[in-house]
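Each chain, written out:
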Amino acid sequence: MHEMALCESMIDIVEDQARREGARRVLAVYLEVGALAAVDAESLRFCFDAVIRGTVADGARLEIDRPAGQGWCLGCDSQVSIGQRFDPCPLCGSNRVQVTGGDEMRITELEVE
Ligand SMILES: [Zn+2]
């Protein structure tokens, strides 16, 4: 379950940032997980709850946003949105879509006090 490893590196970033901002507590973590990232949101929540225990983010909410994937279609030379990796182009139906974005995970915001 690689979500655990992801959460562990995420909490490192969160603690780092909280320290830099002089926060006493992290109330919420806003996470952007591209639709094409091979990450399961439910596993992520489960792991998040486990790794925040005893940290500055203990009890924090996890807000997950899943923006659509972006791709470049070689069939019709267009920038397209795709819901899943290997989805055909929504414009021309070609399978030659190269993923150009929406496959990453990043922290967009921290709510602290
Ligand atoms: Zn196309």
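Please read all numbers here as calculations on a predicted model, not as lab measurements. (Residues numbered from 1 in each chain as written. Predicted model: local features only at pLDDT ≥ 70, side-chain atom pairs only at ≥ 80, totals over all residues. Heavy atoms only, no water.)

Colleague: How do you make sense of the coordination of the zinc ion when you look at a structure like this?
Modeller: Taken together, Cys73 (SG), Cys76 (SG), Cys89 (SG) and Cys92 (SG) make up the protein donors of the zinc ion, found 2.3 Å from the metal. Note that the zinc ion binds four donor atoms; their angles at the metal cover 105 to 115 degrees, and the shape is tetrahedral. Spacing between the donor residues of the zinc ion along the chain follows C-x2-C-x12-C-x2-C. With Cys73 in strand β3 (residues 69-73) and Cys89 in the loop between β4 (78-82) and β5 (97-101), the pair connects residues that are 16 residues apart, well separated along the chain. Exposure class is identical for Cys73 and Cys89. Each is buried. (Donors = N, O, S within 2.8 Å, 3.2 Å for Na, K, Ca; no water. Tetrahedral: all angles 85-135°; square planar, octahedral: opposite > 155°, others 65-115°. Helix = DSSP H or I, 4+ residues; strand = E, 2+ residues; numbered from the N terminus. Buried < 20%, exposed > 50% of the residue type's maximum accessible area, 1.4 Å probe, protein only.)

Colleague: Explain the pattern of salt bridges here, please?
Modeller: Should their charged atoms come close, side chains of opposite charge can pair. Scanning the model with the defined rule gives eight salt bridges in all. Asp103 serves as the salt-bridge partner of Arg85, at 3.8 Å between the closest nitrogen and oxygen. Placement of the pair is Arg85 in the loop between β4 and β5 and Asp103 in the loop between β5 and β6 (105-112), with a sequence separation of 18 residues. Relative accessible area serves as the criterion here: at 37%, Arg85 is assigned to the partly exposed category. Overall, the relative accessible area of 34% leaves Asp103 in the partly exposed class. (Salt bridge = Lys/Arg side-chain N within 4 Å of Asp/Glu carboxyl O.)

Colleague: What am I meant to see in the side chain of Thr55 here?
Modeller: By the secondary structure assignment, Thr55 is in the loop between α2 (41-51) and β2 (61-65). Classification of Thr55 by relative accessible area gives buried; the value is 17%. In this view, Thr55 contacts Ile11 and Glu15; residues no more than four positions away in its chain are not counted. (Contact = heavy atoms within 4.5 Å.)

Colleague: For this particular structure, what's the right way to read unusual backbone geometry?
Modeller: Most peptide bonds take the trans configuration, and most residues that are not glycine carry a negative phi. We note that Asp77 has phi near 50 degrees; this positive angle belongs to a residue other than glycine. Its location among the elements puts Asp77 in the loop between β3 and β4. Using a relative accessible area of 54% as the deciding quantity, one classes Asp77 as exposed. Non-glycine residue Phe86 carries a positive phi angle of around 75 degrees. Structurally, the position occupied by Phe86 is in the loop between β4 and β5. You can call Phe86 exposed: its relative accessible area is 77%.

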